[in-house]
Amino acid sequence: MPIRAFDPDKDIRKILETPFWPRTLSPVTRYSRVHDDHDGEFKGHISVIIDQQGDVHLSVDTLAPLRFRTEGGGGVSLRVRTALVILAEAIRLDNETRPTGEE
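Residues numbered from 1 in each chain as written. Predicted model: local features only at pLDDT ≥ 70, side-chain atom pairs only at ≥ 80, totals over all residues. Heavy atoms only, no water.

How should I be thinking about the packing of helix α1 (residues 8-16) against helix α2 (residues 78-97) in this particular structure?
When two helices pack together, their arrangement is given by the angle between the helix axes and the distance between those axes. Running from N to C, α1 and α2 point in directions that differ by 75°, and their axes come no closer than 11 Å. The angle between α1 and α2 places the two elements in the roughly perpendicular class. Residues I12, R13 and L16 of α1 pack against I86, E89, A90 and L93 of α2. (Axes fitted to C-alpha atoms, helices over the stretch in contact; angles between N-to-C directions. Helix = DSSP H or I, 4+ residues; strand = E, 2+ residues; numbered from the N terminus. Parallel < 35°, antiparallel > 145°, perpendicular 65-115°, else oblique. Contact = heavy atoms within 4.5 Å.)

Set out below in structure tokens:
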């Protein structure tokens with residue numbers, strides 16, 4: 001069977017529309033990452049906690065925008081950046097199919 005090439009539009013949508021739980025994650029555990037432009041001060045974290053019901057809690061410890069760069073732009077959190085791109089697509093799809101009226 002030939003290996004199918006990754007199709008971001010189709011594959012990301014499939015992931016977004018399939019409930020799952022990675023076995024490597026633990027409930028009620030904070031997963032946190034500092035952004036790429038912290039200038040050695042290690043300030044500006046994005047954090048995610050998934051509670052025991054599976055609800056996701058997202059927090060940011062600053063009002064300033066956080067920047068997660070591309071690899072060619074000095075990025076060191078490439079997986080987080082990719083996940084945030086997927087989050088943006090999830091938001092776009094939810095706004096398209098279930099608008100909240102504040103977009």
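How should the pattern of salt bridges be read in this particular structure?
Side chains bearing opposite charge may pair, as long as their charged atoms lie close to each other. One pass over the full model with this rule turns up six salt bridges. Between D37 and R67 there is a salt bridge; the shortest N-O distance is 3.5 Å. Of the two residues, D37 sits in the loop between β1 (30-34) and β2 (45-50) while R67 sits in the loop between β3 (56-60) and α2, which places them 30 residues apart along the sequence. The class for R67 is partly exposed, based on a relative accessible area of 44%. With a shortest N-O distance of 2.6 Å, D37 and R69 are connected by a salt bridge. (Salt bridge = Lys/Arg side-chain N within 4 Å of Asp/Glu carboxyl O. Buried < 20%, exposed > 50% of the residue type's maximum accessible area, 1.4 Å probe, protein only.)

Teacher, can you tell me more about unusual backbone geometry here?
Glycine aside, a negative phi is what most residues show, and trans is what most peptide bonds show. At V28, a residue that is not glycine, the phi angle is positive and equals roughly 55°. Examined against the element boundaries, V28 turns out to sit in the loop between α1 and β1. In this model, F42 sits at a positive phi of 55°, which is unusual for a non-glycine residue. By relative accessible area, which is 53% here, F42 ends up exposed.

Even after reading the chapter, I still don't get the pairing of β3, so can you show me in this structure?
A regular strand places its side chains on the two faces of the sheet in alternate fashion. As paired strands, β2 and β3 are joined by five bridges and run antiparallel to one another. Each bridged residue has a counterpart across the sheet, and for V48 the counterpart in β3 is L58. (Pairing = 2+ DSSP bridges.)

How should a nonpolar patch on the surface be read in this particular structure?
Taken together, L58, L87 and I91 make up a surface patch of nonpolar side chains, about 270 Å² in accessible area. Its relative accessible area of 38% is what places L87 among the partly exposed residues. (Patch = residues over 30% accessible without salt bridge, like charges linked within 9 Å, V, L, I, M, F, W, Y side chains within 5 Å. Areas by Shrake-Rupley, 256 points an atom, 1.4 Å probe, with all protein chains shown as cover.)

Help me out: how do you make sense of the sheet that holds β2 in this one?
Strands belonging to one sheet form pairs held by backbone hydrogen bonds; the direction of such a pair is parallel or antiparallel. Taken together, the three strands give an open sheet; going across it, the order is β1-β2-β3, and neighbouring strands pair in antiparallel fashion. The strands lining the two open edges of the sheet, one partner per strand, are β1 and β3. Neighbour-to-neighbour, the strand axes of this sheet turn through a mean angle of 15°, independent of strand direction. With five bridges joining them, β1 and β2 adopt antiparallel strand pairing. Looking at β2, one finds that R30 is bridged to I49.

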